[in-house]
Amino acid sequence: DCAFKPAKGKRSIHYLAHIKMMAAVQPFISGAISKTVNMPNEATTDQIEAAYMAGWKLGLKALAIYRDGSKRSQPLSTEKIQDSKKSNKDQKNKPAKSKNSLDDSSGIIERRPQRIRLPQTRRSITHKFDVAGHEGYLTVGLYEDGTPGELFITMAKEGSTVGGLMDAFGTCISMAMQYGVPLETLVDKFSHARFEPAGMTSNRDIPFAKSLIDYIARWLGMTFLPGYREANAPKRGGGKPEPAKSLWPKNGNVETDTKTDKNEKLGHIGNRIGELIEIVHQSGSETDSETDSESGSQTNSQTKNRGMQIQTFNRQFTHFQSDAPVCDVCGSITVRNGNCYRCHNCGASHGCS
């Protein structure tokens, strides 16, 4: 006798017998028993509930129940296997299904990811980079609407190992973009990855790259993601950063994207700075009311100046990386300092000392 009835038989072990066999062994072991109680396909909800109750009453520490046919595929099956030649012949005679088709037998919609290939002749841009003396070229193929669809990475003087890894990485990025993975997701995933080679670059927008992958991801973001350049490029001279440019718009002209909201692109850092400024305003107003009654207008003026200094100080670091945490000592925004973060307000170091 087996757990299920054979294809042409009638005898089988009742599911309660499985439970009783485990109950006979349970007193002699300290843990639970890894044994599945097989129930027939026609088992009802009440019978399954009764099986669990029986296991509890008999003192079992665990009970796993499987109803025959509850999954589309299972290791134990009693159905007759059809002739492989006949099955293959039937499959050939069946009409082909679409990528998103409905299986009539199971009622389940089969969905497959669709790959949007680039046209045979497409425009592209090529960018030369230099990371700590390691030179290379990035070639990005573009769809007709100017969005990136493929990436080729060519290292200038590297051996087969680095060149092969970069070629494989470019292929992965190309396949991801053609299957609909958002570029913003890829940039967030691979930016700030740290490993050698790393160092200074020849790009003013990315003066220091933590790795080749980090440089490639951040360059893609600054080139094709609106607002990414404003949020991540260094601000020199206290002026406003250059607006992001669309290299290949539909009309074929280079235009400036002026519709990006800077505060939205700064993410949680912008929100945090807004909270800090609000706290400074509240503390300044409370201090004003106290100092007017105690110390006079001189202390009031000093408090206002201090609040303005904190606001000005925080604005200086709003352009740093979006993954920089808030200082747990004074609440200011920290900046990257090697592998760690440092607070320029109180001097606290996070992760290095």
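These figures come from a predicted structure and were not determined experimentally. (Residues numbered from 1 in each chain as written. Predicted model: local features only at pLDDT ≥ 70, side-chain atom pairs only at ≥ 80, totals over all residues. Heavy atoms only, no water.)

A. Seen up close, the side chain of Lys210. By secondary structure assignment, the location of Lys210 is in the loop between β9 (208-209) and α6 (212-224). Lacking a salt bridge, the buried Lys210 has Asp214 as its closest oppositely charged neighbour, with an N-O distance of 4.2 Å. Side chain to side chain, Lys210 and His192 meet in a polar contact 3.4 Å long. (Helix = DSSP H or I, 4+ residues; strand = E, 2+ residues; numbered from the N terminus. Buried < 20%, exposed > 50% of the residue type's maximum accessible area, 1.4 Å probe, protein only. Lys, Arg positive; Asp, Glu negative; His and termini not counted. Salt bridge = Lys/Arg side-chain N within 4 Å of Asp/Glu carboxyl O. Polar contact = N/O pair within 3.5 Å; in protein donor to acceptor, adjacent residues only side chain to side chain.)

B. Examining helix α2 (residues 45-57) more closely. Between the first and last C-alpha of α2 there are 19 Å, a value that for 13 residues agrees with the 18 Å anticipated at 1.5 Å per step. Within α2, burial applies to Ala51, Ala54 and Gly55. The arc enclosing the buried residues of α2, seen along the axis, measures out at 100°, which places them on a common side. What points out from α2, more than 90 degrees from its buried face, is the exposed set Thr45, Asp46, Trp56 and Lys57. (Expected span 1.5 Å × (residues − 1). Arc of directions from axis to C-beta.)

C. Quick look at the nonpolar core. Counting 30 residues, the largest nonpolar core has Val140, Leu151, Ile153, Ile216, Trp219, Leu220 and Phe224 as its most contacted members. For this core, the elements supplying multiple residues, two or more each, are β5 (124-131), β6 (134-142), β7 (148-155), α4 (160-178), α5 (183-190) and α6. For this core, the leading source of residues is α6, giving 8 residues. The residues contacting Phe224, other than those within four sequence positions of it, are Ile125, Val140, Leu142, Gly146, Pro148, Leu183 and Trp219. (Core = buried A, V, L, I, M, F, W, Y, C linked by side-chain atoms within 4.5 Å. Contact = heavy atoms within 4.5 Å.)

D. Representation of the pattern of salt bridges in the model. Under the counting rule described, the total for this entry stands at 3 salt bridges. Salt-bridge contacts for Arg229 lead to Asp205; the nearest nitrogen and oxygen are separated by 2.2 Å. Of this pair, Arg229 sits in helix α7 (residues 228-232) while Asp205 sits in the loop between β8 (199-200) and β9, placing them 24 residues apart in sequence. Overall, Arg229 belongs to the buried group, its relative accessible area being 17%. Among the salt bridges present, the one from Asp214 reaches Arg218, with a minimum N-O distance of 2.8 Å. Within this pair, Asp214 and its partner Arg218 are both found in helix α6, separated by 4 residues, close to a single helical turn. For Asp214, a relative accessible area of 0% translates into the label buried. According to the relative accessible area criterion, Arg218 is buried, its value standing at 7%.

E. Representation of the sheet that holds strand β14 (residues 349-350) in the model. If you trace the 3 strands from one edge of the open sheet to the other, you get β12-β13-β14, paired in antiparallel fashion. The strands lining the two open edges of the sheet, one partner per strand, are β12 (335-337) and β14. Pairing of strand β13 (residues 340-342) with β14, which is carried by 2 bridges, proceeds in the antiparallel orientation. Bridge pairing links Tyr341 to His350 in β14. (Pairing = 2+ DSSP bridges.)

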